[in-house]
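Letter by letter, the chains look like this.
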Amino acid sequence: MKTATTDSRLADSASGRSPQRPSRLREGFTINPQTVKQWRRFRSIKRGYYSAVALVVALILSAGAELLVNGRALIVSYDGELYFPTYGDIIPGNTFGRDYEYETDYRDLKALFKEQDRGNWVLMPPVPYGPLENDLIPGYFPPYAPSFESGHYLGTDQTGRDVLARLIYGFRIAFAFAFLLLLCNYLIGIAVGCAMGFWGGVFDLLFQRVIEIWNMVPSLYVIMIVTSIVIPNFWTLAVVMVIFGWTQMTWNMRTSTYKEKTREYVLAARALGASNTRQIGSHVIPNTISVIVSFIPFSIAGGIFLLTALDYLGFGLPPPTPSWGELLAQGQNHIVTAPWIILSVGISISIVLIMVNYIGEAVREAFDPKKHAYYQ
Amino acid sequence: MDCPAKNIAALAFGALLTAGCGSETNIHLELGTTHEPYAPPETAVVLPPIEVREGDGLPDTLPEDLVWITNDEDPVFASPDAKRGGTFHTSISGFPLTLRRVGPDSNGSFAGFLRPNQFGPIALHPDTRRAIPALATHWAFGADGRSIYYRLNPKARWSDGVPVTADDFVFAVQFMRSKAIVAPWYNNYYTERIRDLKRYDDHTYGVQGANAMPGAEMHGSYGIGPQPRHFHVLNEDWVANTNWQIEPNTGPYQVTKVRKGKYLEMTRKADWWGNDLRYFKHRFNPDKIRVDVIRDPNVAFQHFLKGNLDTMGLVLPQYWHDKATGAAFDRGYIVKYWFYNEQPEASGMYLNMSDPILADERVRFGIAHSMDFERVITTVLRNDYDRLSTFQIGFGDYDNNDIQPREFDLDKADAYFDAAGFETRGGDGIRINDAGQRLSFQVTYGWPQHTDRLVVLQEEARKAGLELVLDLKDGPGSFKKMLEKKHQIAWSGWAAGGLAPGYWEHFHSVNANKTQTNNITNHANPRMDPLIMQYRASTSLEERVRLARILEQMVHDSGVVVPTFRVPYTRAGAWRWVKLPESLAPRTSASMFSAFADTGGFSGGGLFWIDLEEKERTLEAKSDGESFGPTTIVNTTYRVQPAS
Amino acid sequence: MTSYFIRRFLLIVPTFIGVTILVFTLTRLVPGGPIERMMSEARLAGDETAASSYDSQGGSTLSDAQLEDLKAYYGFDKPVVVSYFEWLGKVLVLDLGRSTRYSDPVWDTITDRLPVSIFYGIWTLILTYGVCIPLGMYKAIRHKTAFDNVTSAVIFAGYAIPSYVVALLLLTIFAANLEWFPLGGFVGPDFDELSLIGKAGDLFIHAVLPLIAYTAGSFAFSTILMKNSLMDNLAAEYVRTAVAKGMDFKRAIFGHAFRNSLIPLATGFGNNISLILTGSFLIEKIFNIDGFGLLGFESLVERDYPVVMGILVLSSLLFLIGNILSDICVALVDPRVKFGSGETSQ
């Protein structure tokens, strides 16, 4: 696959890539042999591949976190009838013969059924606590240390909420946030970046200035302004962050497009009378896909980092949303008295970001067809 | 540390508003930036005489029939064992923005070091709450019920040696009314509340206020402090020119060294004029006070553990129970002090009556019964705090102790919410009324450290079918929202303090539905208004106490305030060499280790001293690993039994 | 190419105006400006509540005229455009105004912090490049060995753990418990009395922990960049040819591959001059260093607009000039790069 000239390779060496032949993405659903090769290469890079597997498993598990970590029971068998409280509306306590109208306390119910021994039973998830529940014991002061007996495997935070539950739900939110940012930033970035690179001229010059200007604006102020109008939530924060996040990808795409544009095959396509859309759609973008793909893991890591930092500083999602940044802030205050908080969240962040970075490395290598030379 | 409102209150109280620059006390100013040397005027500036309105004004000559009073019979509260000397090390979290006592940014945390060193004509005894002499030796009340006359102590001096005279008080009014100081609230106060101030001779003057009130409280409202007229040039550059000037003061300490961004040092005046006064003797003992800037509270605590700082406030349960542990405590190098005090407090959830749903008192009562404060106290707050029973408390006789706060009771909440039309529950367990409105309110607050308490309340309130949406904003942001009355429920506190509770600003209808007033509940009750005015106008203590109790009951009955917590104590850790009197502190003390006179409006500070021999012993023991045994001293003399 | 760089320099002007006008407008929209801060401070004490014992702040509200006076004092009385151009006019004669918090000239406030920030900026730079280039090279040569794997894990861990957590851990362990280093500060309290060597030692011992915290996160990017680009070059025909022809491998690396591998690092080099204006405020807060990060963040949060704008002026200029410097660096390192012929690189 050594198709590139020395020259272009050098130009690309910043990210260790070289161009591919235009692949025919529009030819039905047959898998491109190129893609198969890349996938094989990716699989052969062990630490990246295993990180990807682990992360995907973690994501799938966290998507169904309600079934694993939850204060609501999985199944309740009461008077011969089965209830599945996990999803949907709350089931008030009086459904199960308790004397209250609010949501059933399933842990309590489980203990009660066991005591009554009338054939009723409750199946709780492995971690029987939700991320918002304050499991407080009057007279004992949170944070409670990790304990198998209580089911708080990583202990609780300073208001008695399960650290593991908050970690897992926080992970889900952080990833969703990062994915959403990625999607929006890349859509805008690819569209604007391609246009800048392809058309160049005044349009390019104008947007270059816009991006330069945009990079200097303190996003914290925009968040403060938004916060003063509405209580920030997942979506408003994401919108603000996209407003400031699109520039990076745009810049990268612009540079890549510039390079591809002057390549022989694009020039040839143009000489053959291909429309602008066709030139971009079937020639430029497919060839920059390696750039795009190799940036994805770093964007994900960046997105997670961003939300964590915002939460840590108190400009993120409103309480009591489970969040890693909030756990970090708590952990910092309890660094000596309740080290399990900072350890749990610190190790989690590190592992996730390391895995994401390994994946990124592997993806980059997989998309780079050159065999690296290394000598003993 | 825990209650910002309280801190700011403490600062505001010390506010004898003055400015000045010392030259005699060996001032050694090291500033990072260079300033033009500030030249005090050779002669005092001629200012226009104090404008007096129609119907106001003091007599031209001193009335003959005045009864001059002083106070030399109240108990002395400083310890005669106190030793003078040593350096007291403390810290602040940010370098002050200015060394002025008035004007923009003068309300920062360093104001707590500057203002208490600026004395007024009288001070308040920290046990008896009666007036005691400070700059004045005697005082007398005028026949009109709204004027006081003071006779100054001829020994009183500014820090540059200039005598304090009645002219400085005349100047204070002119100064405070001047636009040059960019302090419109002071401008207003000295125009609206202070109506006249007249000099009779060098050491005698009278002051007249807007309305009559009992004598004791008149000191508080009209007993303004002096300003050094020999120092100030009031022009439009005043704010910038004086920003880093050390203004002359009348208290025992003066700033002597400033390293911008790093630390400040204050020095005890060797021949301070107040040294031998009955209530100032054996007080203000350290020779120097070194104030380091340590921005991160965790790091400040590390400095304390190392002995770089002498004391550390331990009011927060987390600090007292968790952080203040380890070898230094177990071996008694650091002693823990817990003092139950009597400090006015007012913190609560303030429900905005202009919200259509909160306008219904049944909803307000329902909310009050859905708040499980007990649970917060017994867990997150570690049984340290008490439930607050009324809107404000801590004013001695004025307190209405008959009121029981609405307790957490789901049945009662149920009944109230049902009656208000919120009978059915939605799929998420939150109540809905027939119009489809959810029983959901935003709680606006500005202190991230209160999130702990709120999330517990929030979870428990769900049981009642009530949703609280937490609206955490940064400090100024939350305050803006409350003062613009855009909140639904405000979680806040007021700087309560002094001698008597106030109702007009919080509950009178003239302040309702207007932005920028303290009536953040938009409470308006035509039955209550006249009583408030009567309370305001009354000069009889008995009458005022009676009315205050009625008013407090009416506030309770309206349900617009859900009182939250009360911190019934002050707590601190101190290295063994910092000594306190046996009783730790006087009744009203807000802080045991305040180096200066003022602690929350009363003159109860400056009682501790540094024992240098003990310091040597302690450090020796520390390096040898020798133990004195853990020491915790608790004084519950003034503990008020909690309401519930 | 000269004309290209001249054009780039000229383009600084519209960009600079664009940035400043945008941020200037934003500052007018942010809630809780200096007037509101003043109000909230005054508000917390009431009228003739007991509070007024000593507190002389009236409970009455400010009149419109008084509010206008305050607005005029802080310069909010004129329309945004007018006050923007007034501000710009002053900037042109190097007057950045006065801080609304310190009442000090903004320029002094900024220059006060410069020595500290430059010190840390330069050392961070030296450490980052000093570690990343050799480490990246070594990792490239030892690709996929245990050394490569372990160092990757370490630098990624450093990258992943937030620097403020690193800072706090370092301080707790090495300063508070082991007492090897002082508890923060830029220099010790008795710095002025020390000899020259003593001063250097004092500075060093105070700088160790903050520098670790500063740099821990910055190794990953540059090291990996260096590694990848060196590997690319080692794979290139010209190096292979050289080695095949019998050239010593060391010489192949240092004589040929090394210089070309520096190009990607060089593209980012110019931007480092804005490094002196960044600095993490959290690290500075924890180590009690009165630097730029702290000033920048505090001025943002406390709405000290003149300082915000002053920092913006400096940082945007440095950033824009840094971009151009990067291009010049690239041109110096890589003689084949020709700017101005249609393709601009960043």
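Quantities reported herein were computed from a predicted structural model and do not represent experimental measurements.

Account for the overall build of chain B, naming residues and giving values.
In terms of regular secondary structure, chain B is built from 18 helices and 26 strands. Against the compact-globule benchmark of 26 Å for 644 residues, chain B has a radius of gyration of 26 Å, which places it among compact chains. Each principal axis of the C-alpha distribution contributes one length, and for chain B these read about 75 × 75 × 50 Å. In chain B, which comprises 644 residues, the proportion classed as buried is 57%. In chain B, 74% of the contacts between residues at least 6 apart in sequence involve partners at least 24 apart.

Outline the overall build of chain C, listing residues and values.
Helix and strand counts for chain C come out as 14 helices and 0 strands. Starting at the N terminus and walking to the C terminus, you meet the elements of chain C as α-α-α-α-α-α-α-α-α-α-α-α-α-α.

Hey, could you go over the sheet that holds strand β12 (residues 311-313) of chain B for me, with residue numbers and the actual values?
All names here are of chain B. With mixed pairing, the 4 strands of this open sheet are ordered in space as β12-β23-β13-β26. Of all the strands in the sheet, the pair left with one neighbour each is β12 and β26 (632-635). Pairs of neighbouring strands in the sheet enclose a mean axial angle of 15°, with direction left out of account. One ladder, built from 7 bridges, connects strand β13 (residues 334-340) with strand β23 (residues 569-575); its direction is antiparallel. Looking at β23, one finds that Y337 is bridged to A572.

Summarise the interface of chain B and chain A; cite the residues concerned and give the values.
Facing the 29 residues of chain B at the interface are 24 residues of chain A. Elements with a contribution of two residues or more to the side of chain B that touches chain A: α8 (317-323), α11 (373-378), α13 (451-463) and β19 (467-472) of chain B. The leading source of residues in the side of chain B that touches chain A is α13(B), at 8 residues.

Go over the confidence of the model for chain B with me, naming the residues and quoting the values.
Within chain B, residue pLDDT values average 85, and 92% of them lie at 70 or more. Considering only residues more than four positions removed or in separate chains, one finds that residues 1-40 of chain B, a stretch of pLDDT under 50, has 131 contacts.

Explain the pairing of strand β20 (residues 489-494) of chain B to me, using residue names and the numbers behind them.
Residues and elements named next belong to chain B. In terms of burial, β20 is a largely internal element, 6 of the 6 residues being buried. Looking at chain direction, strand β14 (residues 346-351) and β20 are connected through 6 bridges and run antiparallel. Bridged to A346 within β20 is W494. Where strand β18 (residues 440-445) meets β20, 2 bridges bridge the pair, whose relative direction is parallel. By the bridge assignment for β20, V443 is matched with I489.

Report on the domain arrangement of chain B, specifying residues and quantitative values.
Residue and element names in this part refer to chain B. In terms of domains, chain B is made up of domain 1 (309-342 + 568-635) and domain 2 (348-564). Its C-alpha centre places domain 1 at a distance of 35 Å from the equivalent point of domain 2. Grouping the amino acids of the side of domain 1 that touches domain 2 by side-chain chemistry returns 2 nonpolar, 3 polar and 1 charged.

I'd like a description of the environment of B:D557, backed by residues and values.
Residue and element names in this part refer to chain B. You can see D557 is positioned in helix α17 (residues 541-558). On the basis of neighbour counts, which here come to 13 C-beta atoms within 10 Å, the residue D557 falls in the partly exposed class. Taking the C-alpha atoms as reference, D557 lies 14 Å from P526; in sequence the two are 31 residues apart.

Break down the environment of A:Y129 for me, with residues and values.
All names here are of chain A. With respect to the element layout, Y129 can be found in the loop between β3 (121-123) and α6 (163-199). Using a count of 26 C-beta atoms within 10 Å as the deciding quantity, one classes Y129 as buried. Remark: the alpha-carbon pair of Y129 and N252, spanning 123 residues in sequence, is separated by 44 Å. In this structure, Y129 is in contact with G71, D135, G151, H152, D162 and A165, ignoring residues within four places of it in sequence.

Any chance you could break down the pairing of β19(B) for me, citing the residues and the numbers?
All names here are of chain B. Relative to β19, β18 runs parallel, the two sharing 6 bridges. Considered in β19, the bridge of T444 is made with D471. Taken together, β18, α13 and β19 form a β-α-β motif whose crossover is right-handed.

So what's going on with the sheet that holds strand β1 (residues 75-78) of chain A? Residues and values would help.
Residues and elements named next belong to chain A. Ordered in space as β2-β1-β3, the 3 strands form an open sheet in which the pairing is antiparallel. The sheet is open, and its two edges are formed by β2 (81-83) and β3, each paired on a single side. Taken pair by pair, the neighbouring strands of this sheet meet at an average axis angle of 15°, ignoring direction. Where β1 and β3 come together, 3 bridges link them in antiparallel fashion. Among the inter-strand pairings, I75 is bridged to a residue of β3, identified as L123.

How would you summarise the packing of helix α11 (residues 276-313) of chain A against helix α13 (residues 339-367) of chain A if you had to cite specific residues and measurements?
All names here are of chain A. Running from amino to carboxyl end, α11 crosses α13 at an angle of 170°, the nearest separation of the two axes being 7 Å. Compared by their axis directions, α11 and α13 come out roughly antiparallel. Residues S290, V293, S294, P297, F298, I300, A301, I304 and T308 of α11 form the contact with α13, whose participating residues are I349, V352, L353, V356, N357, I359, G360, V363, R364 and F367. Within the contact of α11 with α13, the residues separate by chemical class into 13 nonpolar, 5 polar and 1 charged.

Would you mind going over the nonpolar core in detail, with residue names and values included?
One broad trend across soluble globular proteins is that nonpolar side chains are buried collectively. Judged by nonpolar contacts, the single largest core of 305 residues is most densely connected at A:A174, A:I304, A:L353, C:A167, C:L171 and C:I286. Ranked by residue count, the leading element in this core is α6(A), at 18 residues. With near-sequence residues (within four places) excluded, C:L171 lies in contact with B:V299, C:A176, C:L183, C:G184, C:L209 and C:I286. Grouped together as the second largest cluster of nonpolar side chains are 6 residues, A:V76, A:F96, A:Y106 and A:L109 included.

Describe the domain arrangement of chain C, with residues and values.
Residues and elements named next belong to chain C. Taken as a whole, chain C is organised into domain 1 (2-92) and domain 2 (113-333). Across the contact, 18 residues belong to domain 1 and 10 residues belong to domain 2. Among the secondary structure elements, those contributing two or more residues to the side of domain 1 that touches domain 2 are α1 (2-29), α2 (34-43) and α4 (80-92). No other element matches the 11 residues that α1 contributes to the side of domain 1 that touches domain 2. Here the residues of the side of domain 1 that touches domain 2 sort into 11 nonpolar, 5 polar and 2 charged.

Describe the packing of helix α7 (residues 201-216) of chain A against α1(C), with residues and values.
The contact between α7(A) and α1(C) brings their axes to 9 Å, and the two run at 40°. Relative to α1(C), the element α7(A) is oriented oblique. The hand of the α7(A)/α1(C) crossing is right-handed. Residues A:R209, A:E212, A:I213 and A:M216 of α7(A) touch α1(C), and the partners they reach there are C:L11, C:P14, C:T15, C:G18, C:V19 and C:L22. In terms of residue class, the contact of α7(A) with α1(C) is built from 6 nonpolar, 2 polar and 2 charged.

What counts and what doesn't
- Residues numbered from 1 in each chain as written.
- Chains lettered and ligands numbered in written order.
- Predicted model: local features only at pLDDT ≥ 70, side-chain atom pairs only at ≥ 80, totals over all residues.
- Helix = DSSP H or I, 4+ residues; strand = E, 2+ residues; numbered from the N terminus.
- Rg over C-alpha atoms; globule rule 2.2 N^0.38 Å.
- Buried ≥ 20, exposed ≤ 12 C-beta atoms within 10 Å, placed from the backbone.
- Contact = placed C-beta atoms within 7 Å.
- Pairing = 2+ DSSP bridges.
- Axes fitted to C-alpha atoms, helices over the stretch in contact; angles between N-to-C directions.
- pLDDT = per-residue confidence, 0-100.
- Domains from an automatic or database assignment.
- Nonpolar A, V, L, I, M, F, W, Y, C, P; charged D, E, K, R; others polar.
- Right-handed = clockwise from strand over helix to strand, strands pointing away.
- Parallel < 35°, antiparallel > 145°, perpendicular 65-115°, else oblique.
- Core = buried A, V, L, I, M, F, W, Y, C linked by C-beta atoms within 7 Å.
- Left-handed = near helix turned anticlockwise from the far one by under 90°.

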